[in-house]
Amino acid sequence: MKKIVLVLSIAALAASPALAKTKAQKQKKLTEAEEIAQQHANTLRLLRDGLPLILPSWVLPVYFNMNKDQQTDAKSGKAAKTKH
């Protein structure tokens, strides 16, 4: 019985660094995924904010009015209303 317990404890000690290594790799993968998601969000924000630079001048009032409506709805906490 003592031999079985000794063998199991040695196996557990030998496996613990391997388990710690895989846990660290999983955490590293998660942080990489978060960084990539942040980069995608930054790119999307850059494209959205840069849109007025490439729009024709006659569309700019419409574009800015659309964004103004969304910002006021977000500040008041109401959902955007759709006209039927």
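The structure we're discussing is the one just above.
Along each chain, residues carry numbers from 1 onward, in the same order as the chain's sequence is written. In keeping with the model being predicted, local features are shown solely for residues with a pLDDT of at least 70 and side-chain atom pairs are shown and tallied solely at 80 or more, while totals for entire chains, interfaces and linings include all residues. Only heavy atoms go into the side-chain values, all of them from the structure, while hydrogens and water stay out.

**Student:** Whenever I open this one, the overall build of the protein confuses me. Can you help?
**Tutor:** Under the DSSP-based scheme used, a helix requires at least four consecutive residues in state H or I and a strand at least two consecutive residues in state E, with every element numbered from the N terminus. In terms of regular secondary structure, the protein is built from 2 helices and 0 strands. When each of the 84 residues of the protein is scored for burial, the buried share is 4%. Just so you have it, the protein exposes about 8100 Å², and 66% of that area is on carbon and sulfur atoms. Relative accessible area decides the class of each residue, using a 1.4 Å probe on protein chains only: under 20% of the type maximum gives buried, over 50% gives exposed, and in between gives partly exposed. Only the protein chains shown count as cover for residues, and the accessible areas themselves come from Shrake-Rupley with a 1.4 Å probe.

**Student:** For this particular structure, what's the right way to read a nonpolar patch on the surface?
**Tutor:** Taken together, Leu 51, Leu 53 and Ile 54 make up a surface patch of nonpolar side chains, about 350 Å² in accessible area. Its location among the elements puts Leu 51 in helix H1 (residues 2–54). In this analysis, a patch consists of residues with relative accessible area above 30% that form no salt bridge, clustered at 9 Å for like charges and at 5 Å for the nonpolar side chains Val, Leu, Ile, Met, Phe, Trp and Tyr. Counted as salt bridges are all cases of a side-chain nitrogen of Lys or Arg within 4 Å of a carboxyl oxygen of Asp or Glu.

**Student:** When you look at the environment of Leu 51 in this model, what are you seeing that I'm missing?
**Tutor:** We classify Leu 51 as partly exposed; its relative accessible area is 31%. Taking the C-alpha atoms as reference, Leu 51 lies 9.1 Å from Tyr 63; in sequence the two are 12 residues apart.

**Student:** Honestly, the pattern of salt bridges in this entry has me stumped. Any pointers?
**Tutor:** This structure, assessed with the given rule, holds 1 salt bridge. Note that Asp 49 is salt-bridged to Arg 48, the shortest N-O span being 3.7 Å. In this structure Asp 49 comes out as partly exposed when scored by relative accessible area, which is 49%.

**Student:** Hey, could you run me through the packing of aromatic side chains in this one?
**Tutor:** Centre-to-centre distance and the angle between the planes together describe a pair of aromatic rings. When two rings of Phe, Tyr or Trp (its six-membered ring) have centres within 6.5 Å they constitute a pair, described as stacked for plane angles under 30 degrees, edge-to-face for angles over 60, and tilted for the intermediate range. Across all of its chains, the model carries 1 aromatic pair by this definition. Each ring, one from Tyr 63 and one from Phe 64, has its centre 5.4 Å from the other, and the planes form 70°; the classification is edge-to-face. Looking at Tyr 63, the relative accessible area reads 10%, which means it is buried.

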